[in-house]
Amino acid sequence: MGAHLVRRYVTETDTEPDPNKKYEFDPQFGFEEREAREMVATQDQMNLAQLPLEQRDYCAQHLLKFMKCKRDNWPNFLACKHERHDWDYCEHQDYVMRMKEYERERRLQLRKKRIQSQPEAA
Amino acid sequence: MAGVGFRRWAQALSRGKGSGLSALLPGCRAASGGSKTDLPSSYPLTPEAKAAAAKKYNMRVEDYKPHTDQGEGYGDYPKLPDTSQQERDPWYQWDHPDLRRNWGEPMHWDFDMYIRNRVDTSPSTLSWSSMCKQLFGFLGFMLFMFYLGEKYPSYQPVAPKQYPYNNLYLENGGDPEKQPEEVVNYKI
């Protein structure tokens, strides 16, 4: 917790990824093949449900199911635990993917720096 | 008794010189109020006038000091120190405890301002320099910390969130005629 801030501002200022800048490495680099993320909810569906833009991500289909369950079961506010869990789990996996992307970028930056310093040392 | 007074009044009325209401009023004042010499008068020019004024205001001649005459109309009213009643001893047995004043004491020109409910001139417990240092020290420290926070922001070690449909090109108000740049998001 906060080790990345120490790395960014104190110890490894040149390799730690900057959240404001775009990540520079090719997404396919280092992978044999990579699956694209699948978007299930269509733009029309999200428009009709009037989802705010921040919620129109790759978990929107779970959110739409959850909202429908909520509306159908009102006033029983305890009814949609399963749908809520599905949406939460999807969001959690999305967040874990973001963490992995950050870590991938960081390791590639370190590798780049290692390679650059090798011929100088050699 | 009342009849005698009425008769006298009628006689005085018939010989009286005034007109209107003043003709009906008695020509002498009652002895109960203050005499003419008790009222404030003009600026005292001679030492005798100063002594008389000091006696009038129940003050010692050494203590009595009139306002300087600049045409403002203070006359011989004394210039008392500009301190509020709050500064007076709270434990002394004043005649009027809420006003912290004794009977017959000369009243300040702005007495109604200096009562305990209003203006208070009592000194603050801290010195001016100490208060300034504390306030500006705190403000300076906060400004410095906010500046540091702007320069070195704190964030979570995560990549930016990925959105579908070319980063929601149409939803963000993009032109439907133009072709947006293709954004592909991968699983990891």
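Residues numbered from 1 in each chain as written. Chains lettered and ligands numbered in written order. Predicted model: local features only at pLDDT ≥ 70, side-chain atom pairs only at ≥ 80, totals over all residues. Heavy atoms only, no water.

By the naming in an unreviewed UniProt entry, chain B is NADH dehydrogenase [ubiquinone] 1 beta subcomplex subunit 8, mitochondrial, taken from Champsocephalus esox. Under the heading Subcellular location (unreviewed entry), UniProt records this for chain B: "Mitochondrion inner membrane". Looking at the Subunit (unreviewed entry) heading of the UniProt record, one finds this comment for chain B: "Complex I is composed of 45 different subunits." (UniProt positions renumbered as here; feature names shortened; annotations may be inferred.)

Chain A appears in an unreviewed UniProt entry as NADH dehydrogenase [ubiquinone] 1 beta subcomplex subunit 7 from Champsocephalus gunnari. Check the Sequence similarities (unreviewed entry) section of the UniProt entry for chain A; it says "Belongs to the complex I NDUFB7 subunit family."

(A) Fine view of the overall build of chain A. Across its full length, chain A holds 4 helices and 0 strands. In sequence order, chain A lays out its α and β elements as α-α-α-α. Residue burial in chain A is summarised as follows: out of 122 residues, 30% are buried. Counted over contacts in chain A with a minimum sequence separation of 6, partners at least 24 positions apart contribute 49%. (Helix = DSSP H or I, 4+ residues; strand = E, 2+ residues; numbered from the N terminus. Buried < 20%, exposed > 50% of the residue type's maximum accessible area, 1.4 Å probe, protein only. Contact = heavy atoms within 4.5 Å.)

(B) Just the UniProt feature "transmembrane region" (unreviewed entry) in chain B, in detail. In the numbering used here, UniProt assigns the feature "transmembrane region" (unreviewed entry) to residues 126–148 of chain B. Within residues 126–148 of chain B, the helical portion is 91% and the strand portion 0%, while the C-alpha atoms at the span's ends are 32 Å from each other.

(C) Just the layout of surface pockets, in detail. Approximately 710 Å³ is the volume attributed to the largest pocket. If you trace the largest pocket, you find 23 residues lining it, with Lys22 and Tyr23 of chain A together with Gln162, Val184 and Asn185 of chain B closest to the centre. Ranked by residues supplied to the lining of the largest pocket, first place goes to helix α4 (residues 81–121) of chain A with 4 residues. Among the residues making up the lining of the largest pocket, the classes are represented as 9 nonpolar, 3 polar and 11 charged. Its volume calculated, the second largest pocket comes out at about 250 Å³. (1 Å grid on protein atoms, 1.4 Å probe; cavity = no way out; pocket = protein on both sides within 12 Å on 5 of 7 lines; lining within 4 Å. Points joined across faces, edges and corners; volume = space filled by probe spheres on them. Nonpolar A, V, L, I, M, F, W, Y, C, P; charged D, E, K, R; others polar.)

(D) The arrangement of the interface of chain A and chain B in detail. Listed by partner, the interface residues are 34 residues for chain A and 23 residues for chain B. Taken together, both faces of the contact between chain A and chain B bury some 3000 Å²; the carbon and sulfur share is 59%. Applying the counting criterion to the chain A and chain B interface returns 4 salt bridges. The partner of Lys161 of chain B in a salt bridge is Glu91 of chain A, and the shortest N-O contact between them spans 3.5 Å. At the junction of chain A with chain B, the criterion picks out 17 residue pairs in polar contact (both at pLDDT 80 or more). (Buried area = accessible area lost by both parts, 1.4 Å probe. Salt bridge = Lys/Arg side-chain N within 4 Å of Asp/Glu carboxyl O. Polar contact = N/O pair within 3.5 Å; in protein donor to acceptor, adjacent residues only side chain to side chain.)

(E) Summary view of a nonpolar patch on the surface. Residue and element names in this part refer to chain B. Residues Phe6, Trp9, Leu13, Leu21, Leu24 and Leu25 make up a contiguous nonpolar surface patch of about 610 Å² in total accessible area. Breaking the nonpolar patch down by element, the ones donating at least two residues are α1 (2–15) and α2 (21–24). Per-element tally for the nonpolar patch: the top contributor is α1, with 3 residues. By secondary structure assignment, the location of Leu21 is in helix α2. (Patch = residues over 30% accessible without salt bridge, like charges linked within 9 Å, V, L, I, M, F, W, Y side chains within 5 Å. Areas by Shrake-Rupley, 256 points an atom, 1.4 Å probe, with all protein chains shown as cover.)

(F) Examining the pattern of salt bridges more closely. Residues and elements named next belong to chain A. Under the defined criterion, the tally for this structure stands at 18 salt bridges over all chains. A salt bridge links Glu101 to Arg34; the nearest nitrogen and oxygen atoms lie 3.0 Å apart. Note that Glu101 is positioned in helix α4 and Arg34 in the loop between α1 (3–11) and α2 (43–48), a separation of 67 residues in sequence. The exposure class of Glu101 is buried, given its relative accessible area of 12%. Arg34 gets classed as buried once you look at its relative accessible area, which sits at 10%.

(G) Structural detail: the environment of Glu12 of chain A. All names here are of chain A. Note on placement: Glu12 falls in the loop between α1 and α2. Along the sequence, Glu12 and Leu110 sit 98 residues apart, while their C-alpha atoms lie 9.2 Å from each other. Not counting residues within four places of it along the chain, the set of residues in contact with Glu12 comprises Arg7, Arg106 and Leu110.

(H) Representation of the state of the cysteines. Residue and element names in this part refer to chain A. Per the stated rule, a full pass over the model turns up 2 disulfides over all chains. Across a sulfur-sulfur distance of 2.1 Å, Cys59 and Cys90 are joined as a disulfide pair. Taking the torsion about the S-S bond as the criterion, the Cys59 to Cys90 disulfide, at about -90°, is left-handed. Residue Cys59 is found in the loop between α2 and α3 (60–73), and its partner Cys90 is found in helix α4; the two are separated by 31 residues along the sequence. As far as burial versus exposure is concerned, Cys59 and Cys90 are alike and both buried. Across the disulfide, Cys69 is cross-linked to Cys80 (sulfur-sulfur distance 2.1 Å). Residues Cys69 and Cys80 are joined through a disulfide that is left-handed, its torsion about the S-S bond being -95°. Residue Cys69 is found in helix α3, and its partner Cys80 is found in the loop between α3 and α4; the two are separated by 11 residues along the sequence. As far as the burial class goes, Cys69 and Cys80 line up, both buried. With its bonded cysteines labelled in order along the sequence, chain A shows the pairing 1-4, 2-3. (Disulfide = S-S within 2.5 Å.)

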